[in-house]
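# Inside the fold
Read off the chains here:
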Amino acid sequence: MSAPLVSSPPPPAGIACDIFCTVIDNFGDIGVCWRLARQLAGEHGWQVRVFVDDLHAFQKLCPSLVAGRARQSIEGIAIVYWHAPSHAGDTLEIADVVIEAFGCELPPEYVAAMAGRERAPVWLNLEYLSAEDWVADFHLRPSPHPRHALTKTFFFPGLGPGTGGVLKERGLDAARIAFQSSDSARAAWWQQATGAPPPAPEATVVSLFTYENPAADSLLEQWRDNPGEIVLLVPEGRISGAVARFFGLPSFMAGTHARRGRLIAHALAFTDQRGYDALLWASDVNFVRGEDSFVRAQWAEKPFIWHIYPQADDAHLSKLDAALAHYAGPLPDAPREALTRFWHAWNGAGTPDWAEFQRHRAAFAARAAGWAHELAGVGDLAGNLAGFAKSQLK
Ligand code: TRH
């Protein structure tokens, strides 16, 4: 293989930024990187390239992407298939800001070229989101490179002051309000997603995006026997098998509809990333997972239940409780304890009690709006990151 050419980048129209992303599992890694890339390009005028090692996962949430293409441009963002750890693009142009997502290792050639650049780039390691208190202490800590004259800075997303915050597009609240206040937009969404008009206002609409979950069987039974109608919206994915078994179906692929007792369920196609927000807005209660959908549920301002990404040694359980402390902390005792029990049950400890959850739904709905307001006070991650990078580039 011939060595890549080191060339000077063209005169930048805006700040040039490279984001490196390895897809470990699922959609959250690329989901966060793609959202960040779109914000940096669309809201801050940056020239962004995304290096990603799995175009198939990416294509699920960005259907206009061509999975077999080495290089392409979408929404003005260059997307480069990062096919080997040493691959750093065909021409080594080092950006002003380099983001390595979630501790993925940059190609050594690229790091060497960063060190050789006339002016060292701002190098950020974007970490996974955690609501734990220590995050604020570690956010923006520098880490000098052992060999090169380069410094990497740790950028920690978080839910509290002093952290990097979480991603929130500038137009997000306006888009949500426009959707929720337009009967025709809602009707069009229901028609397109389920082939049916919106359900009656008395029905409880639940979206279910979650990992395989042993508590799902009990919850499906509770919904079947619920006094009021439950309309369940299930994007095709890891819980689809359990839903299919509950209804005695061979699968629960997009376009499948089923009914048992008071439970009506629709299997939905996995949509592009923007489309996922509308699912959260159309629902009364959202089950979410991982990192990015967890954040979107908070901006949707609806009661939600988080299936956290499981880690070795149950390290995720303290993260779950840290998030609960922020989100549920100010609730009165009874709803706070009910929510805590439900989240714990959904994450492996106990059996979820839907009737109890339902009893406190009004309190959860009020808190959801209050929490979104508080969280917005921490500032949008893309804006926080862009502000920090600019302060370093001065
Ligand atoms: O897919 P995930 O389980 O990703 C996880 C987490 O990010 C976790 O932190 C990480 O360690 C692990 O992967 C490897 O859940 P998450 O983060 O919610 O990402 C899902 C993405 O998929 C999110 O960007 C929303 C998007 N999505 C769509 O675009 N369309 C859809 O129809 C649905 C249901 C989701």
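Residues numbered from 1 in each chain as written. Predicted model: local features only at pLDDT ≥ 70, side-chain atom pairs only at ≥ 80, totals over all residues. Heavy atoms only, no water.

The protein chain is annotated in an unreviewed UniProt entry as Protein-arginine rhamnosyltransferase of Paraburkholderia sartisoli. Per UniProt, the protein chain carries the Catalytic activity (unreviewed entry) text "dTDP-beta-L-rhamnose + L-arginyl-[protein] = N(omega)-(alpha-L-rhamnosyl)-L-arginyl-[protein] + dTDP + H(+)". (UniProt positions renumbered as here; feature names shortened; annotations may be inferred.)

Mapping E100 onto the fold places it in strand β7 (residues 97-101). Sequence-distant contacts of E100, that is, excluding residues within four places in its chain, are made with F20, L106, W123, L124, N125, L126 and K152. (Helix = DSSP H or I, 4+ residues; strand = E, 2+ residues; numbered from the N terminus. Contact = heavy atoms within 4.5 Å.)

Close contacts around the ligand come from 22 residues, with Y211, T271, R289, D292 and S293 the closest. Note that an oxygen atom of the ligand is positioned 2.8 Å from one of the side-chain N or O atoms of R289. Take S293: an N or O atom from its side chain is 2.6 Å from an oxygen atom of the ligand. Counting only elements with at least two residues in the shell around the ligand, the list comes to α1 (28-44), α9 (273-282) and α10 (292-300). (Near = heavy atom within 4 Å. Polar contact = N/O pair within 3.5 Å; in protein donor to acceptor, adjacent residues only side chain to side chain.)

The next thing to look at is helix α7 (residues 216-224). Taken as a whole, α7 has its buried residues at A216, L219, L220 and W223. Down the axis of α7, the buried side of the element spans an arc of 100 degrees, and every buried residue falls inside it. (Buried < 20%, exposed > 50% of the residue type's maximum accessible area, 1.4 Å probe, protein only. Arc of directions from axis to C-beta.)

A few words on a nonpolar patch on the surface. On the surface, I24, Y128 and Y309 cluster together into a nonpolar patch covering about 310 Å² of accessible area. Of note, Y128 is situated in the loop between β8 (122-126) and α4 (134-138). (Patch = residues over 30% accessible without salt bridge, like charges linked within 9 Å, V, L, I, M, F, W, Y side chains within 5 Å. Areas by Shrake-Rupley, 256 points an atom, 1.4 Å probe, with all protein chains shown as cover. Salt bridge = Lys/Arg side-chain N within 4 Å of Asp/Glu carboxyl O.)

Turning next to the domain arrangement of the protein chain. When its domains are assigned, the protein chain resolves into domain 1 (16-166 + 379-393) and domain 2 (172-376). Taking only C-alpha atoms, the centre of domain 1 and the centre of domain 2 are 30 Å apart. Buried surface at the junction of domain 1 and domain 2, summed over both partners, amounts to about 2100 Å²; 53% is from carbon and sulfur atoms. Inspection of the region where domain 1 meets domain 2 yields two salt bridges. Its salt-bridge partner being R274, residue E75 comes within 3.0 Å of it at the nearest N-O pair. Summed over the shared surface of domain 1 and domain 2, the result is 11 residue pairs in polar contact (both at pLDDT 80 or more). For the side of domain 1 that touches domain 2, the secondary-structure elements that each account for two or more residues are α1 and α2 (55-61). Top element by residues in the side of domain 1 that touches domain 2 is α1. It accounts for five residues. Looking at the side of domain 1 that touches domain 2 residue by residue, the class counts come to 11 nonpolar, six polar and six charged. (Domains from an automatic or database assignment. Buried area = accessible area lost by both parts, 1.4 Å probe. Nonpolar A, V, L, I, M, F, W, Y, C, P; charged D, E, K, R; others polar.)

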